[in-house]
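Architecture and fold: a report
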Amino acid sequence: MDPNLADTRYSFSVLSPRIIFHTGWQSTDQVVLQYSHWFNGPWTTVRVGEPPVEDISVVPDGDMVSLSARMWW
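This is a predicted model, so every value here is computed, not measured.

**Some remarks on the overall build of the protein chain**
A count of helical and extended segments in the protein chain gives zero helices and six strands. Walking the protein chain from its N terminus toward its C terminus, one meets helices and strands in the order β-β-β-β-β-β. For a compact globule of 73 residues, the expected C-alpha radius of gyration is about 11 Å, and the protein chain comes in at 17 Å, more than 25% above that figure. Over its C-alpha atoms, taken along the principal directions, the protein chain stretches across nearly 45 × 25 × 20 Å. In the protein chain, of all internal contacts separated by at least 6 residues, the share reaching a separation of at least 24 is 54%. Working note: accessible area of the protein chain is about 6,100 Å², and carbon and sulfur atoms make up 61% of it.

**Quick word on the environment of Gln 34**
Note that Gln 34 resides in strand S3 (residues 29-40). Separated by 24 residues in sequence, Gln 34 and Val 58 place their C-alpha atoms 25 Å apart.

**Remarks on the pattern of salt bridges**
Side-chain pairing between opposite charges can occur once the charged atoms of the two side chains come close. Per the counting criterion, the structure on display carries two salt bridges. Between Asp 7 and Arg 9 there is a salt bridge, with its nearest N and O atoms 2.7 Å apart. On the basis of relative accessibility, which here comes to 36%, the residue Arg 9 falls in the partly exposed class. Linking Glu 54 and Arg 47 is a salt bridge whose minimum nitrogen-to-oxygen distance equals 4.0 Å. Residue classification places Glu 54 among the partly exposed residues on the basis of a relative accessible area of 45%.

**Quick word on a nonpolar patch on the surface**
A contiguous nonpolar surface patch, about 670 Å² in accessible area, is contributed by Ile 19, Phe 21, Val 31, Leu 33, Tyr 35, Val 65 and Leu 67. Breaking the nonpolar patch down by element, the ones donating at least two residues are strand S2 (18-21), S3 and strand S6 (63-71). Among the elements that line the nonpolar patch, the one with the most residues is S3, at three residues. Looking at where Ile 19 falls in the secondary structure, it is placed in strand S2. Exposure remark for Ile 19: the relative accessible area of 46% places this residue in the partly exposed category.

Procedures and definitions
Residues numbered from 1 in each chain as written. Predicted model: local features only at pLDDT ≥ 70, side-chain atom pairs only at ≥ 80, totals over all residues. Heavy atoms only, no water. Helix = DSSP H or I, 4+ residues; strand = E, 2+ residues; numbered from the N terminus. Rg over C-alpha atoms; globule rule 2.2 N^0.38 Å. Contact = heavy atoms within 4.5 Å. Areas by Shrake-Rupley, 256 points an atom, 1.4 Å probe, with all protein chains shown as cover. Salt bridge = Lys/Arg side-chain N within 4 Å of Asp/Glu carboxyl O. Buried < 20%, exposed > 50% of the residue type's maximum accessible area, 1.4 Å probe, protein only. Patch = residues over 30% accessible without salt bridge, like charges linked within 9 Å, V, L, I, M, F, W, Y side chains within 5 Å.

Have a look at this one:
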């Protein structure tokens, strides 16, 4: 769902700091550890089902941790 700027009760924002680890200064690999926290308005809804429809009984999760790795050459 897109943020509703007209009514902040339906809106949300997210803060996502991350740490990037490299094996060396000029290395071509990285591991990324990221945490995200959503600040949801009291009426923020989630789309569920197929086709997706908004369900006011589902409470959106406010936290997520992500770990990813990447290599390039």
